[in-house]
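Secondary and tertiary structure notes
These are the residues of each chain, in order.
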Amino acid sequence: MDTGGTSSHRSISPSGRVLIMTAVEAEQQAVLRGIGDSDIFDVCLAGFGPASAAARTAAALSAGDYALVISAGIGGGFPGKAEIGSIVVASRMIAADLGAETPDGFLSVDELGFGSSVIVPDERIVQALVEKMKSSDIPVHSGSILTVTTGTGSAETTAALTARCSDAAAEGMEGFGVATAAGLWDIPVLEIRTISNAVGPRDRSAWRMKEAFAALEAAAAMIRRLFTE
Ligand SMILES: O=C(O)c1cccc(C(=O)CC[C@H]2O[C@@H](n3cnc4c(=O)[nH]cnc43)[C@H](O)[C@@H]2O)c1
């Protein structure tokens, strides 16, 4: 993939296909509505959580020739960082609860010496996408997107995550799995979350699916424009 310049990034070569992974069908349908009839995108189901996402992304990458992989879906927004209905583009994708608990606190996979919990998407592509999205009337933010294996549902866990990662803007459950598979193929990866709920004490009645899916459709349309116009 030619990553091109920063402001006028139009960088997928004609043969460069883009794989978009969503957890569930409702997200897949929103993305498909946004990308329309463009034929450079495949939108596949990752399933729920990072293990399924890694396995299914690896299977898709085995079957096709891709220049870019995108983990896309709805997510929780950290209060003060990403409001409901907004878009977050990951500057870092972090496996936030992969590690070990000790009497003195959490040890990350990095601290344990078993690898890295952080995958950094190509900054030029992130910036190009953020700039493109700023042209819409949907608020867009860039920051760390945390991948968790248990959706956060308490003030205590929210505080622990923000202490561990001060620039956390959103959380989801698949991004790090998708990125791990993309890394095995040495393919660039992005993560985009549109915010359905605030990270914090779980209140399912406060989730705003309609707004999040509308934002996801709009985000997918802007992804299409960035890579095809
Ligand atoms: O209940 C529904 O109507 C419904 C419809 C479509 C999707 C869902 C999901 O729950 C999607 C799960 C998916 O969303 C991500 N997500 C959303 N909010 C959070 C969160 O606060 N913390 C972590 N993950 C979140 C996650 O990636 C799930 O895979 C429901």
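For the structure, check the block above.
Residues numbered from 1 in each chain as written. Predicted model: local features only at pLDDT ≥ 70, side-chain atom pairs only at ≥ 80, totals over all residues. Heavy atoms only, no water.

**So, the packing of helix H2 (residues 50-63) against helix H6 (residues 175-184)**
Two elements in contact, H2 and H6, have axes whose closest approach is 7 Å; the angle formed by their N-to-C orientations is 35 degrees. Relative to H6, the crossing made by H2 is right-handed. Every residue of H6 that contacts H2 at Pro50, Ala53, Ala54, Thr57, Ala58 and Leu61 is listed here: Gly177, Val178, Ala181 and Ala182. Of the residues belonging to the contact of H2 with H6, the class tally is 8 nonpolar, 2 polar and no charged. (Axes fitted to C-alpha atoms, helices over the stretch in contact; angles between N-to-C directions. Helix = DSSP H or I, 4+ residues; strand = E, 2+ residues; numbered from the N terminus. Left-handed = near helix turned anticlockwise from the far one by under 90°. Contact = heavy atoms within 4.5 Å. Nonpolar A, V, L, I, M, F, W, Y, C, P; charged D, E, K, R; others polar.)

**Considering the pairing of strand S9 (residues 168-172)**
Consecutive residues of a regular strand have side chains that alternate between opposite faces of the sheet. S9 sits mainly inside the fold: 5 of its 5 residues count as buried. The sheet contact formed by strand S3 (residues 66-77) and S9 spans 2 bridges and is antiparallel. By the bridge assignment, Gly77 is partnered in S9 with Ala170. When strand S8 (residues 140-147) meets S9, the two strands line up parallel, connected through 4 bridges. When the bridges of S9 are listed, Ile145 appears paired with Ala170. Each parallel crossover has a hand, and the one from S8 via helix H5 (residues 155-164) to S9 is right-handed. (Buried < 20%, exposed > 50% of the residue type's maximum accessible area, 1.4 Å probe, protein only. Pairing = 2+ DSSP bridges. Right-handed = clockwise from strand over helix to strand, strands pointing away.)

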